[in-house]
Each structure stands twice: as structure tokens, then as C-alpha cells.
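Chain and residue survey
One letter stands for each residue in the lines below.
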Number of protein chains: 2
Amino acid sequence: MRRIQVSLGERSYPIVIGSGLLDGIAELCGEAGFPVRSSLLVVSDNSVAPLYLDGLTAKLEEGGYKVVTHIIPAGEASKSLTVYEEVMTTAIKAGLDRHSAVLALGGGVVGDLAGFVAATYMRGIGFLQIPTTILAHDSSVGGKVAVNHPLAKNMIGAFYQPKMVVYDLDTLATLPPRDVRSGLAEVIKHGLILDREFAYWCREHAAELLSLQPEALGYALERGCAIKADVVGEDEREHGLRAILNLGHTIGHAIEAVGGYGTFLHGEAISIGMAGSALVAAKLGRPQSLYEETVSMLTALELPVTLPAQYSVDDIIEAMMHDKKFKEGRITFIVPDEIGAVSIVEGVEESVIREVVGQLKKEGSPW
Amino acid sequence: MRRIQVSLGERSYPIVIGSGLLDGIAELCGEAGFPVRSSLLVVSDNSVAPLYLDGLTAKLEEGGYKVVTHIIPAGEASKSLTVYEEVMTTAIKAGLDRHSAVLALGGGVVGDLAGFVAATYMRGIGFLQIPTTILAHDSSVGGKVAVNHPLAKNMIGAFYQPKMVVYDLDTLATLPPRDVRSGLAEVIKHGLILDREFAYWCREHAAELLSLQPEALGYALERGCAIKADVVGEDEREHGLRAILNLGHTIGHAIEAVGGYGTFLHGEAISIGMAGSALVAAKLGRPQSLYEETVSMLTALELPVTLPAQYSVDDIIEAMMHDKKFKEGRITFIVPDEIGAVSIVEGVEESVIREVVGQLKKEGSPW
Ligand SMILES: NC(=O)c1ccc[n+]([C@@H]2O[C@H](COP(=O)([O-])OP(=O)(O)OC[C@H]3O[C@@H](n4cnc5c(N)ncnc54)[C@H](O)[C@@H]3O)[C@@H](O)[C@H]2O)c1
Ligand SMILES: NC(=O)c1ccc[n+]([C@@H]2O[C@H](COP(=O)([O-])OP(=O)(O)OC[C@H]3O[C@@H](n4cnc5c(N)ncnc54)[C@H](O)[C@@H]3O)[C@@H](O)[C@H]2O)c1
Ligand SMILES: [Zn+2]
Ligand SMILES: [Zn+2]
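From a predicted model like this one, the values you see are computed outputs, not experimental measurements.

**Comments concerning the sheet that holds strand β10 (residues 326-327) of chain A**
All names here are of chain A. Reading across the sheet, the three strands line up as β10-β11-β12 and stay open at both edges, with antiparallel pairing between neighbours. Because the sheet does not close on itself, it has two edges, and the strands there are β10 and β12 (341-349). Where strand β11 (residues 330-338) lies against β12, seven bridges are found, and the strand directions are antiparallel. Looking at β12, one finds that R330 is bridged to E349.

**A look at the packing of aromatic side chains**
Residues and elements named next belong to chain A. Considering all chains together, one arrives at ten aromatic pairs over all chains under this definition. A ring pair is formed by F264 and Y311, whose centres lie 6.0 Å apart and whose planes are at 35 degrees; its orientation type is tilted. Of the two residues, F264 sits in the loop between α10 (249-259) and α11 (266-283) while Y311 sits in the loop between α12 (289-300) and α13 (313-322), which places them 47 residues apart along the sequence. Judged by relative accessible area, which is 5%, Y311 ranks as buried.

**What about the UniProt feature "domain: 3-dehydroquinate synthase N-terminal" (unreviewed entry) in chain A?**
Under the local residue numbering, the UniProt record ascribes the feature "domain: 3-dehydroquinate synthase N-terminal" (unreviewed entry) to residues 71-181 of chain A. Its end C-alpha atoms 26 Å apart, residues 71-181 of chain A is made of 32% helix and 30% strand.

**What about the coordination of the zinc ion (ligand 3)?**
Reference values for angles at a metal are 109.5 degrees in the four-donor tetrahedral case and 90 or 180 degrees in the six-donor octahedral case. Residues and elements named next belong to chain A. Protein ligation of the zinc ion (ligand 3) involves E186 (OE), H249 (NE2) and H266 (NE2), the donor distances falling in the range 1.9 to 2.1 Å. Counting along the primary sequence, the residues that act as donors to the zinc ion (ligand 3) give the motif E-x62-H-x16-H. Here H249 lies in helix α10 and E186 lies in helix α6 (residues 177-194), a separation of 63 residues in the sequence. By relative accessible area, which is 0% here, E186 ends up buried.

**Regarding the interface of chain A and chain B**
Each partner contributes residues to the interface: chain A has 30 residues there, and chain B has 32 residues. Note on chain A versus chain B: buried area summed over both sides is about 2700 Å², and carbon and sulfur give 60% of it. Together, I92(A), R123(A) and M155(A) form the three largest contributors to the area buried by chain A at its contact with chain B, with a combined 29%. Scanning the region where chain A abuts chain B turns up two salt bridges. Between R98(A) and E238(B) there is a salt bridge, with the nearest N and O atoms lying 3.4 Å from each other. For the pair chain A and chain B, the number of links is twelve residue pairs in polar contact (both at pLDDT 80 or more). The element that contributes the greatest number of residues to the side of chain A that touches chain B is helix α3 (residues 81-93) of chain A, accounting for seven residues. Residue classes in the side of chain A that touches chain B are distributed as 16 nonpolar, six polar and eight charged.

**Points about the site of ligand 1**
All names here are of chain A. Residues in close proximity to ligand 1 total 26 residues, the closest being E76, G108, T132, T133 and T174. Taking D112, its side chain carries an N or O atom lying 2.9 Å from a nitrogen atom of ligand 1. T132 places a side-chain nitrogen or oxygen 2.7 Å from a nitrogen atom of ligand 1. Secondary structure elements with two or more residues in the shell around ligand 1: α2 (49-62), α4 (108-120), α5 (136-139) and β8 (152-159). Ranked by the residues each element gives to the shell around ligand 1, the list is headed by α4, at three residues. Of the residues that constitute the shell around ligand 1, the class distribution is eight nonpolar, nine polar and nine charged.

**Notes on the pairing of strand β5 (residues 101-106) of chain A**
All names here are of chain A. Counting buried positions over the six residues of β5 gives six, a clear majority of the element. Note: strand β3 (residues 39-45) against β5, five bridges, orientation parallel. Bridge pairing in β5 links V43 to A104. As judged from the six bridges shared by β5 and strand β6 (residues 126-131), these two strands associate in the parallel manner. Paired with L105 across the strands is I130, a residue of β6. For the crossover that starts at β5, traverses α4 and ends in the parallel β6, the hand is right-handed.

**Some words on the domain arrangement of chain A**
Frequently, the measure chosen for interface size is the accessible area that the parts lose on association. All names here are of chain A. Under the domain assignment used here, chain A contains domain 1 (2-174) and domain 2 (177-362). Computed over C-alpha atoms, the centres of domain 1 and domain 2 are 27 Å apart. The interface of domain 1 with domain 2 comprises 24 residues on the first partner and 30 residues on the second. The three residues of domain 1 that bury the most area against domain 2 are R2, I134 and H137, which together make up 28% of that side's buried surface. Here domain 1 and domain 2 share five salt bridges between them. A salt bridge links R11 to E236; the nearest nitrogen and oxygen atoms lie 2.6 Å apart. Counting the contacts that link domain 1 with domain 2 gives nine residue pairs in polar contact (both at pLDDT 80 or more). Counting only elements with at least two residues in the side of domain 1 that touches domain 2, the list comes to β1 (2-6), β2 (13-18), α5 and β8. The greatest single-element share of the side of domain 1 that touches domain 2, amounting to three residues, is contributed by β1. A class-by-class count of the residues in the side of domain 1 that touches domain 2 yields 13 nonpolar, six polar and five charged.

**Digging into the relation of the copies chain A and chain B**
Least-squares fitting of chain A to chain B yields an RMSD of 0.0 Å, with the transformation described by 0.0 Å of translation along the axis and a rotation of 180 degrees. The relationship between the two copies is best expressed as a two-fold rotation axis. Within chain A, the C-alpha atom positioned nearest to the axis of rotation is that of L81(A), 4.1 Å from it. Most of the interface of chain A is mirrored in chain B: 100% of its interface residues are interface residues there too.

**Thoughts on the pattern of salt bridges**
Opposite charge on two side chains permits pairing when their charged atoms draw close. All names here are of chain B. On inspection of all chains with the given rule, the structure shows 42 salt bridges over all chains. Here E349 ties to R330 by a salt bridge, and the two come within 2.9 Å at their closest N and O atoms. Here the residue E349 occupies a position in strand β12 (residues 341-349), and R330 occupies one in strand β11 (residues 330-338), the gap between them amounting to 19 residues. Residue E349 is classed as partly exposed on the basis of its relative accessible area, which comes to 35%. On the accessibility criterion, R330 (40% relative accessible area) is partly exposed.

**Side note on the site of ligand 2**
Residue and element names in this part refer to chain B. Residues in contact with ligand 2 amount to 26 residues; listed here are only the nearest, E76, G108, T132, T133 and T174. In this structure, D45 approaches ligand 2 through a side-chain N or O atom, which is 2.8 Å from an oxygen atom. Taking T133, its side chain carries an N or O atom lying 2.7 Å from an oxygen atom of ligand 2. Elements supplying a minimum of two residues to the shell around ligand 2: α2 (49-62), α4 (108-120), α5 (136-139) and β8 (152-159). The element best represented in the shell around ligand 2 is α4, accounting for three residues. Residues belonging to the shell around ligand 2 are distributed by class as follows: eight nonpolar, nine polar and nine charged.

Calculation criteria
Residues numbered from 1 in each chain as written. Chains lettered and ligands numbered in written order. Predicted model: local features only at pLDDT ≥ 70, side-chain atom pairs only at ≥ 80, totals over all residues. Heavy atoms only, no water. Pairing = 2+ DSSP bridges. Helix = DSSP H or I, 4+ residues; strand = E, 2+ residues; numbered from the N terminus. Phe/Tyr/Trp six-rings, centres within 6.5 Å; stacked < 30°, edge-to-face > 60°. Buried < 20%, exposed > 50% of the residue type's maximum accessible area, 1.4 Å probe, protein only. UniProt positions renumbered as here; feature names shortened; annotations may be inferred. Donors = N, O, S within 2.8 Å, 3.2 Å for Na, K, Ca; no water. Contact = heavy atoms within 4.5 Å. Buried area = accessible area lost by both parts, 1.4 Å probe. Salt bridge = Lys/Arg side-chain N within 4 Å of Asp/Glu carboxyl O. Polar contact = N/O pair within 3.5 Å; in protein donor to acceptor, adjacent residues only side chain to side chain. Nonpolar A, V, L, I, M, F, W, Y, C, P; charged D, E, K, R; others polar. Near = heavy atom within 4 Å. Right-handed = clockwise from strand over helix to strand, strands pointing away. Domains from an automatic or database assignment. Least-squares fit on C-alpha atoms with pLDDT ≥ 70 in both.

Okay, structure coming up:
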């Protein structure tokens, strides 16, 4: 069992990572401070619930908790105010009070939605995350909770820290392989921004990670969470440093928007974006080898690094504009300096980004 | 001009009270930390907007701000997730970003709704309150923001502090007399719980308060805000002490619920509730004079202290049950000890409350 402490003063909390953790979930809820006999609202989605919800509920009830469940449809569309209100209705009807807590059993969608419910039900009650995807290692650190507005993603939300994150590696066994790879993109991102050694370790252990070998996976999630926790500990409310976590995301978000959400999974899109960032780096004078090293790491994890031909450069740039990321033809961009180090560079010219997106379409390598 | 500092560490903020303040609103926004040229979303309702919105907008624009407005229908029904989403849509369409702020121009309804928008738009942006009711002196301290769920009031919300409160006494001139009295009920409540001298001062200056004489009104709002600020400073997230602010509210809320929201205004209902609390106090051995003194203060402010005959005791008790306030036939109740001091008493018997509600119907005095 691995344990990381996310240090945020009185909002600090532990992330527990290991196999078989759900067997001891009631004890962990006690440690999280949820009083026995209080009501716990477990939110899950209709892909995850059939696999793990009954087991979880049984363990919680054995431990003396009252359990209420709410199952949402799987997928990003559930991160809406409509579904949010439905979960609120369940909570009110079940009589949840200030001593109750919300448990999120699922990936980032369930975590973000359930977290926003916890943040705003009676102005905030306990929250515990049980991530069942690799990508959710990212959302389990940092306290960002949100739903989408029809006009913009993650627009409505809060910063709200869980009391604990319980990462049971066993639940990852059923994750579709594409989601495994997508999640690993965020894992290696944490290496690329701050931990050179870890980035190389990921490349070396790619096969074990892709096959969900528990020892490797546990270590990778621990490092990924720990790196993010360091960044968030310095900048809880995203005033500055935290921006480095957006490596690959400016281009990645634009790819997701143009492709339509779901064409590329998030991790796939940011993988292409991280390849793009390395191209930007080369144009700004960083070592030429950076791009090739970056790409070798991403492809080791079977992640895409080029943009399919049907994507138009104009559309991608326009999506970035729409995202309000350009100011007077310039953009703030997270640029790698070397493997394991990045800079926040202000005033990168639109023309540079435009060229890079073009290169991503021509199978990447500009050399 | 009067100024109170609400002391909450890094979330501290000033309340500015005086006449003619809206003329200097742009400077105050600057002091609140909103960068010139950023966008300000002013939320108001359709009773208040025709009176003060154009003037406010002009001053803000003169000061270099971009102004976006959203007008909601006046009344409690606007504190809904539906209206909340509409305000969010306005904010997104207007391109509000992290440097933008939300200004609430109106009473508690506008303040609670706009505050919840500010708390959750892009996970929290600046917030400034411009209260235009007396009751809103209460909501301008403490950071409680919320909307209602169809099944329960104020169920969805957050603790979110404004950057500043600008209380322009001139705006109170147009407030309907019933809302003046209702607001004064919360003012004197602050005296009744913690400041004996202030409570007597309110009785003595009742005529000036009812006629909105600026010197008396300014002082009363300053003391009301300051007392609440002291309580909230000790207990920002309502873990204990803050409960004393609920003097009169247990019975008051039940009266509101049974009568249908709107039959009694909030302040009227808690006035009856405060009279009821003094009756409870007498049953628990507090001095008999307490009830008469309390009633004399409330009636000086032309507030009701008895329950109309058509209210059934059973209905009132049932509403409290529904409110989950009873546990095994007992309830935690805020009981006055003397004018200016209260206790949080656990385990008050249902039978005591039942008797008291009956007495409130018989014109109050049990002697
Ligand atoms: N809060 C943050 O800081 C943060 C960070 C990154 C991403 N996110 C959010 O996370 C979301 C994406 O997260 P995600 O990739 O986990 O998506 P997801 O929650 O939609 O999960 C992906 C798919 O896998 C299924 N699934 C999940 N766990 C499974 C399991 N163990 N076995 C079988 N199927 C399983 C789900 O039902 C879903 O269909 C996005 O909404 C994104 O905005 C938030
Ligand atoms: N957040 C808190 O701590 C807190 C505390 C107390 C009450 N509240 C909330 O406040 C709300 C009640 O506040 P309220 O009494 O101010 O109600 P309100 O906002 O509905 O205002 C009362 C009425 O007066 C009108 N009005 C307001 N200012 C006016 C003016 N200057 N001239 C003419 N008309 C004016 C409004 O349009 C409305 O019709 C409730 O929703 C309650 O839950 C919140
Ligand atoms: Zn991401
Ligand atoms: Zn009140």
C-alpha cells in the first residue's frame, strides 16, 4: 500500500494506492472523518456501477454506514447542471445532512460531478474519491470539481478538496485499453514537466504499465499524484505555477474541440499536444533532440503524436482563439526546456503555433 | 462614511456604509482589486434595476470598466438553478474571465444568487455586494451564498466571501415599508443575541429607524454587520457558535413554511420566532421579564409577535420535524438568557416547543 499526502494546510488529505483497498473502505471512511451511521451518497456511472458498486455498498454497510446510490449515464454528457440537479434531488430525498459525505466511484466524469455536488450540497459536505481510471489520478489531486455549460467545458465549478482518495488498483483491470493509454498520457506528462528520471522510467516500463502490472502501475500513479501534489501545494488556486500542468493542453483542447469531444480521448489529444509543444520548443531554440525524445516516450505508451490529415490548421487555431487563449496574436504557452523541465512562455506568436500544427499533420518530424 | 472590517484572514473584506457611495463605485471596485478595463457582471432584479442600474452602469463605465448586466425577476423564485444557469450563460457569452467580477445590486435574493454565480464561475471570480435592502445587511456578512432546490431552501450553495460590500443608504429610500420592518427584525436580532445596549438603542430609536433617518440607520447597520462579523469571524463555516445567529429562526422557518413563503416576510416570521424563544426561555427558568422586554422591542419596530389563529400548532411542529430539527423528540434551540445574551440549548423537549407555539397563537403572553 502506498500513501501520498497532499499538503494544503487544513485541507490536506491522503491518497492511498494499492490492491484490495475496497475491502477496507469502511475503515478508510472512518479515517476520513465520516461518522459511522451517517449517510454516504455513492455516485457512479452505468459502466462502473455494475462492476464495483454492490461490493462497495456491502462493505460500507458492514462498517455501519447508511448507503444511498445515484447512477449516472457514463460519459462526458453527464457533467451537466441537469444531472447535477438530479444528484442533488437524490441527496435531499435521502436526507443527507452536514455529517454525510459523497463518494465518487468512477473516472474523472464521476469525480468532477460528484465533487461539485459535495462542494455545494448544504454549502459543502465530506467528499471521498475512488478513482477507477488512470486518468483520474490527475483529477484526484488539485481539488478541481466542475460541470460543463453547453457553451464551455468545466465552466461551472469550485476548488474543493476531498478528505481522502482511495485508489484501488484492482478496479483498473476492467478499464478499456484505450482509456488505459489515455490515462498514461497524463502520467508521463507529470514526468515531462518536473521529473526527468520518472519520464524515462515510464518509457522503460511501458509494457508493464500498458498491461497494468500492479507494482509498476502503483509506482507510476504514486509518482504522478506526488508530482501534481507538489505543484498544487505551491499554487492551490491556479494563480501561476499550476499552469505548467497544462503542458500539451492548449493544442490538445483545440484538437478535442475540432474533432468533437470523444473522437480523441483526452489523453490522446494531449499526447499530440505534447508532441506539438516539443516542436514549439525547437522553434524557440530548445535542443532539437527534445522532440524525438518526447515522441519516443509517447509512442512507447502507444499514444498518438500526429494529427490526422482531415484536421484543418485553421480550425485548430480558431478553436484556440475561441478558447480566448490568444491575446493580440500571441499566446502563453507551456514550453519544454528539456525532459523533466518546462517554462511558461508568454507572447508566443500565432505564426509559430500555426506552423507547428501544420507539422503535426505531416507526421510530425520537421527534420 | 462608516467602515467595518470583516476579519477572515486572507478572505477579509470591508463593508462601507454611507450616503452617495454609488457615485464612487468605480474607485471602490478598484480598491476591491478589480482591474480597470475588466468586465463586471451586474446582477439585479426587475424592481431594483429600473431605479439604480443605469446610474451604476454609467459610473462604472466612466471609471473604465466594461459592464454586462443581467436582470432577474424580483422574488425568491429567482433563487433557482434555472435562473443560475441563465446568469452563467450571460457571463460566458460576455466572455467573463478570471479577472472579471460579479456585482450584486439588490436584496438578499440577488446577493445569494449572484454570489453563487461568482463562487462557481470558472471556479470562483471576484464578488462585490451592493445591498439595497435592510435585511441584506445580514447576507452581506458571512459569505453564505445559495440557490434553492424545489425540495428545500438554500440547499445548494457555498461559503464565498465578497471582496467588498458597498451599502449606499440612499438606495433604501425606495424600499417598501414592510421590507424596512422585516429587515429591522434581523438588526435587532443582532442586539438580542450579543449586545444589550444596542438592543435598547434600537427600541429607543425605533421611529428614526422606521423613517430611514440616515444617521440612525447607518449606525444600526454598522452595529448589525459588526456583531454578525464577530460571530462569523469566530466560526466561518458554522461549526458551532454561528448557530446563535439562528435566534428566532427555528420557529420562524416553520411559520414561513406553513404560511407559504411570502405570507410572512422573513423578518416578520423570525420576529414571531424571537417572541417564541423568549417564551421557551421562561419555561427553562430564565427571568419572566425577558419575554415582555423582547416583545416591547419588536413591537416598537412594528413587528408581529403573535401567530394568527388559522395556524395550527401541529402544522408548525411538523414543519420543524421536516426541517430535521428534532432528534428523538428533542431539539437544539437558541434560548435567550437576558437581553443581549443567548445560549445554545440541546435537548429541548418537543412538548415545550408545542406549548410555546400554542401560546404564540393566544396573543403571546402566558401570564
Ligand atoms: N478535476 C480535474 O483536475 C481533472 C483532471 C483531468 C480530467 N478531468 C476530467 O475527467 C474527465 C475524464 O476522465 P476519465 O477519462 O476518467 O473519464 P470517464 O470518467 O468518462 O471514464 C472513461 C470511461 O471509462 C469507463 N470506466 C471508468 N472506470 C472503469 C473501469 N474501472 N472499468 C471499466 N470501465 C470504466 C467510464 O464509464 C467511461 O465510460 C473529463 O471530464 C475531464 O474534464 C478532471
Ligand atoms: N446569505 C445570507 O446570509 C442570508 C441572510 C439572510 C437572508 N438571506 C436571503 O435573503 C433573501 C431575502 O432578502 P431580502 O429581504 O433582501 O429579499 P429580496 O432580495 O427579495 O428583496 C425584497 C424585495 O424588495 C425589492 N427591493 C430590494 N431593494 C429595493 C429598493 N432599494 N427599493 C425598492 N425595492 C427594493 C426586491 O425587488 C424584492 O421585491 C432570502 O432569499 C434569504 O434566504 C440570505
Ligand atoms: Zn488533462
Ligand atoms: Zn434570518
